[in-house]
Amino acid sequence: SNTGVINSTDQKNGDKNLISTEQDVNDKSNAPGSNNSNQEAGLVEENRYSSEEEAVNAIEDYYQIEQTNLDLGHGIKGFIEGAAGHHYISWNEGKWLIEINFPTDPVYAINNYENAESLAKAIVTYLEDHFLPPPDQRGKIQINGFREHPETIIQWQKGNKVYVINQKTANPLEALQIAVEQFLNE
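An account of the accompanying structure is given in this report. (Residues numbered from 1 in each chain as written. Predicted model: local features only at pLDDT ≥ 70, side-chain atom pairs only at ≥ 80, totals over all residues. Heavy atoms only, no water.)

The next thing to look at is the sheet that holds strand S4 (residues 86-93). Within the open sheet, the eight strands sit side by side as S1-S8-S7-S6-S5-S4-S3-S2. Their pairing is mixed. Each end of this open sheet is capped by a strand with a single partner; those strands are strand S1 (45-48) and strand S2 (70-73). For this sheet, the mean angle separating the axes of adjacent strands, direction not counted, is 20°. Note that S2 and strand S3 (residues 76-83) share three bridges and pair antiparallel. Bridging from a neighbouring strand, Asp71 pairs with Lys77 of S3. Seen against the sheet, helix H4 (residues 172-184) touches strand S6 (139-144), strand S7 (151-158) and strand S8 (161-167) and runs at an angle of roughly 25° to S7. (Pairing = 2+ DSSP bridges. Helix = DSSP H or I, 4+ residues; strand = E, 2+ residues; numbered from the N terminus. Axes fitted to C-alpha atoms, helices over the stretch in contact; angles between N-to-C directions. Contact = heavy atoms within 4.5 Å.)

The final tally for this structure, using the stated rule, is five salt bridges. Between Arg48 and Glu46 there is a salt bridge, with its nearest N and O atoms 3.0 Å apart. Overall, the relative accessible area of 45% leaves Arg48 in the partly exposed class. A relative accessible area of 1% means that Glu46 is categorised as buried. (Salt bridge = Lys/Arg side-chain N within 4 Å of Asp/Glu carboxyl O. Buried < 20%, exposed > 50% of the residue type's maximum accessible area, 1.4 Å probe, protein only.)

Printed below as a string of structure tokens:
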């Protein structure tokens, strides 16, 4: 099924940035016969802007965490706060900002994580051994851990381009893996 890695619908993306997945990405996360459609090449969208400044500003609501109140392990500290029915955790790793929105009630949460903190720690641990593409100035990951509408959005800026991965997945590490694979193949 993976014949044309770059298909004609990927206009403006004729370069190597889209070829992100043919190499054996399956051995670590996908059992044989599982659904590999998330490994298809069209997953990384490339947006070009007229200037680097415009590309940087396209990644909105980016900030450095000033105060922290949560130890996520591996020397990473984050900030956790609650609002009706939600826990929000945010932290920085290098030029990346990572934000999690997770239900306080596990009934509404994606599987495998008992709370926002356990998901945050799983991500920090994963990123110890798997490297995201280094943004020039800004990278941002937003994770929604609500079972009804799970989503992971990953954006990073390089020059006048912003790369975007948007996965409606209940497993955020799957979306992170796409970014990691992208970096390996750069």
